[in-house]
Amino acid sequence: PTPRRDFGSAVDAEGRLWTVGGCGGANVANGACPPLTVVEIYDPTTRQWQAPPHVQLPEPRHGMLVGTDGDEIFLVGGSADEGVFNAPPPSKAAWRLGITGELSQASWRQMPNLGTPRYGLNKGYSFVAGGKLFAIGGSIGSTGGFLSYEPTPSMEWLDVGAL
């Protein structure tokens, strides 16, 4: 697998571990953290890693939420800018990847944006319940600091059942 940090991960219904995005990579300067588009999948039945070209991210991203309902991988927020400790500008972007059936047919589709751009959601919490993807926590960038759990303002959900 690719050396990196600030990535997201999820386990699908088939037990495969998905590692998504992040920053770093091989042969980067010490402390540098360029964002990555890499998606790698570990299959515990074959004990092999794979990185199918068609499931790579449509844009570089790190510090984002990655969640799953078992049949789709969801990616929310994060940043496309370099850096981890300098509070890079957060993103509102949200993407989904259908992962049932043949992975060669899978492709990322854009979802409606978050209401508030967020970075560091990989350090927060996510879950899918009742057809909604809940994104809790994260940072709104260097001007707003970190969000804490509050039932209304810091918790957003995206209706994934209607899309």
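Residues numbered from 1 in each chain as written. Predicted model: local features only at pLDDT ≥ 70, side-chain atom pairs only at ≥ 80, totals over all residues. Heavy atoms only, no water.

Caption draft 1: Structural view of the pattern of salt bridges. Considering all chains together, one arrives at six salt bridges under this definition. Here Arg-4 makes a salt bridge to Glu-40, at a shortest N to O gap of 2.7 Å. Linking Arg-4 in strand 1 (residues 4-5) with Glu-40 in strand 5 (residues 39-43), this pair joins segments that are 36 residues apart in sequence. By relative accessible area, which is 16% here, Arg-4 ends up buried. Salt bridges sharing partners connect three or more residues here, namely Asp-12, Glu-14 and Arg-16. (Salt bridge = Lys/Arg side-chain N within 4 Å of Asp/Glu carboxyl O. Helix = DSSP H or I, 4+ residues; strand = E, 2+ residues; numbered from the N terminus. Buried < 20%, exposed > 50% of the residue type's maximum accessible area, 1.4 Å probe, protein only.)

Caption draft 2: Looking closely at the environment of Arg-4. Distance from Arg-4 to Gly-24, taken between C-alpha atoms, is 4.6 Å for residues 20 residues apart in sequence. Arg-4 has contacts with Thr-19, Val-20, Gly-21, Cys-23, Gly-25, Leu-36, Val-38 and Glu-40, leaving out every residue within four places of it along the chain. In this structure the side chain of Arg-4 is engaged in a polar contact, spanning 2.5 Å, whose partner is the side chain of Thr-19. (Contact = heavy atoms within 4.5 Å. Polar contact = N/O pair within 3.5 Å; in protein donor to acceptor, adjacent residues only side chain to side chain.)

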